[in-house]
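Residue-level structure breakdown
So you can see what is in the structure, the chains are spelled out below.
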Number of protein chains: 2
Amino acid sequence: MARSLVVDVHTHLYPPAYIELLKERKDIPYIRPFPPSNQLCLCNRPPQNSSAQGSANGSSKVPPGRILYRHYYEVDEKIAFMDHHQIDVSVISLGNPWLDFMPPDTAGDVAIKINDETNELCKLYPGRLFFFGALPLSAPESIILAEISRLKTVSQARGIVMGTGGFGEGLDDPKLIPVYKALAESSMPIFLHPNYGLPSSVWGSRGSDYGQVLPLSLGFPMETTIAMTRLFLSGVFDTVPDLQIIVAHSGGCLPFLAGRIEACIEHDKRLEADGKLTSDRKTLWDAVRNNIYLDGVIFDKTGLKTAIEVAGVDRVMFGTDHPFFAPLDEGKTFPAMTVNRDAAKEAFPEDDTESYDLVMGGNAVRVLHL
Amino acid sequence: MARSLVVDVHTHLYPPAYIELLKERKDIPYIRPFPPSNQLCLCNRPPQNSSAQGSANGSSKVPPGRILYRHYYEVDEKIAFMDHHQIDVSVISLGNPWLDFMPPDTAGDVAIKINDETNELCKLYPGRLFFFGALPLSAPESIILAEISRLKTVSQARGIVMGTGGFGEGLDDPKLIPVYKALAESSMPIFLHPNYGLPSSVWGSRGSDYGQVLPLSLGFPMETTIAMTRLFLSGVFDTVPDLQIIVAHSGGCLPFLAGRIEACIEHDKRLEADGKLTSDRKTLWDAVRNNIYLDGVIFDKTGLKTAIEVAGVDRVMFGTDHPFFAPLDEGKTFPAMTVNRDAAKEAFPEDDTESYDLVMGGNAVRVLHL
């Protein structure tokens, strides 16, 4: 029997035009060489959201950002990674902070350039690469909507990538409704990715002693969960019932906290006084089963089983977060691939290959029309 | 066959001395009557950690704090609640912020007074009430350690309750090590409870539109998870290997994020440079299986199953969070009891009454010597 397709829906690539854009910048996000090795580093988070990166507090033994390995920008490295790990198809996306920092007057043109360049990279490997486009969110609404319409016609585009900031005021910003409506009408899902994490004050005065563990392991999923809960509470899934969102990192903490969130909603005096607790309201469970997909980047079988049980086995899609979580040794094997694949293997009984195949690729093929 | 004991390890009671203390205060935390109804309200979170409570932004339809129902302070209400819901034993604790606000010179005496008063309340109902004592954390270390020694001799005390703040600098504060050591040597577990949540900036400009949903449903568990992860990263479970912590709200998000936290640790360049990634290091999984217990206040069978799978069926203990999550109708039934009990029923196959009984009471009886 033929092996089912393995699809990676959470995998980043910075196309050359984006690398050039960041090299020219003086403020974060930027790419520049750092002493003593003068390796190129990508600094993409402001100091207030990082316990060390990009700040003067970082240990001199550690670069003040992410070292810009070839994996970050070379499409042949992506393919080599896919081949080594038996990934058939990748749906690539820009990493944070996408185009959110662009001046309003140039954001639209830069989005076209970067999306088109990404499309050309994808076309180099027919059937193997697709992408989530980047939106010029700082541009006027008409420009954003035009890029959504245009992306619909771009051959390898299968949705858009968006951070939790939206226009800077979060995903529950009513000004985003036209964007959500345009995406829903175009049947383009949002791949929702965290942006800057939480304010570094929450990591405490010893936060930087723990490197990037707190902002990466907790900041990102918590930011994602807050953003998604705010979005849900704003009623967007009633206003735009066809909105589809694929949430990075298995939804942050959303699957585990869904019961608590619903309990707090049911008991909230303010929501009750505002008449929002009607018996026919859309619950978070409804949203998770109708509007929300989760990737499988959770690094543990129990976490993955939780995601699958909450969202449904037809709504979780394997991902690797490549090129992050690089090999721990001199080899080529990325633990983020093997740990997350093994989690999927262990999440199901050995004879339930159907469920395993859905999570590893079947769901992505169906939802993203790959 | 006799029904196994049902034990509630997460249930709050404010003894009269504590109520009087808060009534005399002018700053948060305080208890005071609020117009128009002049009902007594408990305000226990500063405005910067609340999206509405205690601030001028609150809807006039909603009290600016928690209405101080009799459930909060009358021990006979606790017993009535237990009888109505078939709870045999409760291990009561003060709610946040405990005694953390006390002046250093009086904190010790107040702790003795409140702990002794709580003990007397428990003794009114032999075998049914125990408690986690409150520590005078603002007092000099010798006073704190003396109260730990003393509590060991107080008949109904079974551990201590502590917030995530510790001495104000978090649980990874090295100054807490003597406290942890004294607790471990006394075999007294910490019942760890969230305190103030997250800074309200993370809830966005529309946060108060959603009442208290964001700070309660997300702020509390996220604060708990951050505190526990910082504690773990500080190496306290190596320094004090017998420290035992019962984490409220099923660990916040810790069970779901444990895999991600471990992955981020393994990949952290700073921890690697600091020589902390030795092969014999205590992992978070080790800590969860040796030092950490979880309560069962998660409001969902999937969440509870996650907690059980991560910590082990012998390390999860039922709780209700009474008197919060009050009845939604005019009746006496608290959903936080029934939803969390039903979650435990649904978490196991129907014939696995042994596991159900462990979670509902057996673990608490064994661990807390009830």
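Residues numbered from 1 in each chain as written. Chains lettered and ligands numbered in written order. Predicted model: local features only at pLDDT ≥ 70, side-chain atom pairs only at ≥ 80, totals over all residues. Heavy atoms only, no water.

**Observations concerning the overall build of chain A**
Secondary structure assignment for chain A yields 13 helices and eleven strands. Its C-alpha atoms give chain A principal-axis dimensions of roughly 60 × 50 × 45 Å. Total accessible area on chain A stands at roughly 13,500 Å², and carbon and sulfur atoms take up 52% of it. Side chains of chain A give 34 positive and 46 negative charges; the mean places of these two sets differ by 3 Å. (Helix = DSSP H or I, 4+ residues; strand = E, 2+ residues; numbered from the N terminus. Areas by Shrake-Rupley, 256 points an atom, 1.4 Å probe, with all protein chains shown as cover. Lys, Arg positive; Asp, Glu negative; His and termini not counted. Charge placed at Lys NZ, Arg CZ, Asp CG, Glu CD.)

**Observations concerning the interface of chain B and chain A**
Taken residue by residue, the interface counts 72 residues in chain B and 72 residues in chain A. Together chain B and chain A conceal approximately 6,300 Å² of surface at their shared face, both sides included; 66% is due to carbon and sulfur atoms. Along the contact surface separating chain B from chain A lie four salt bridges. Between E309 of chain A and K305 of chain B there is a salt bridge, and its shortest N-O distance comes to 3.0 Å. Where chain B touches chain A, the interface holds 23 residue pairs in polar contact (both at pLDDT 80 or more). (Contact = heavy atoms within 4.5 Å. Buried area = accessible area lost by both parts, 1.4 Å probe. Salt bridge = Lys/Arg side-chain N within 4 Å of Asp/Glu carboxyl O. Polar contact = N/O pair within 3.5 Å; in protein donor to acceptor, adjacent residues only side chain to side chain.)

**Observations concerning the pattern of salt bridges**
Any two side chains of opposite charge can pair if their charged atoms end up close together. Residue and element names in this part refer to chain A. Under the criterion given, the structure shown has 30 salt bridges over all chains. Note that R70 and E77 form a salt bridge whose closest N and O atoms lie 3.0 Å from each other. Given a relative accessible area of 19%, E77 falls into the buried group. Ionic contacts of the salt-bridge type, sharing partners, join the residues R70, E74, D76 and E77 into one network. (Buried < 20%, exposed > 50% of the residue type's maximum accessible area, 1.4 Å probe, protein only.)

**Details of the sheet that holds strand 4 (residues 66-67) of chain A**
Backbone-to-backbone hydrogen bonds pair the strands of a sheet. The strands run either parallel or antiparallel. Residue and element names in this part refer to chain A. With respect to topology, three strands assemble into an open sheet ordered 2-3-4, the strand pairing being antiparallel. A strand with exactly one partner marks an edge of an open sheet, and here the two such strands are strand 2 (30-34) and strand 4. Where strand 2 meets strand 3 (residues 39-43), five bridges bridge the pair, whose relative direction is antiparallel. Its bridge partner being in strand 3, R32 is matched across the sheet by C41. Contacts from helix 1 (residues 16-23) reach strand 2 and strand 3 within the one sheet, and its direction differs from that of strand 2 by about 70°. (Pairing = 2+ DSSP bridges. Axes fitted to C-alpha atoms, helices over the stretch in contact; angles between N-to-C directions.)

**Some thoughts on unusual backbone geometry**
Residue P97 of chain A is bonded to the preceding N96 of chain A through a cis peptide linkage, with omega at 5°. By secondary structure assignment, the location of P97 of chain A is in the loop between strand 5 (89-93) and helix 3 (104-123). The phi angle at D321 of chain B is positive, at roughly 65°, despite the residue not being glycine. Secondary-structure assignment places D321 of chain B in the loop between strand 11 (316-317) and helix 12 (335-347). Phi is positive for H369 of chain B, which is not a glycine, with a value near 55°. By secondary structure assignment, the location of H369 of chain B is in the segment after helix 13 (353-368). Using a relative accessible area of 58% as the deciding quantity, one classes H369 of chain B as exposed.

Scope: geometric values only; no functional claims are made or implied.
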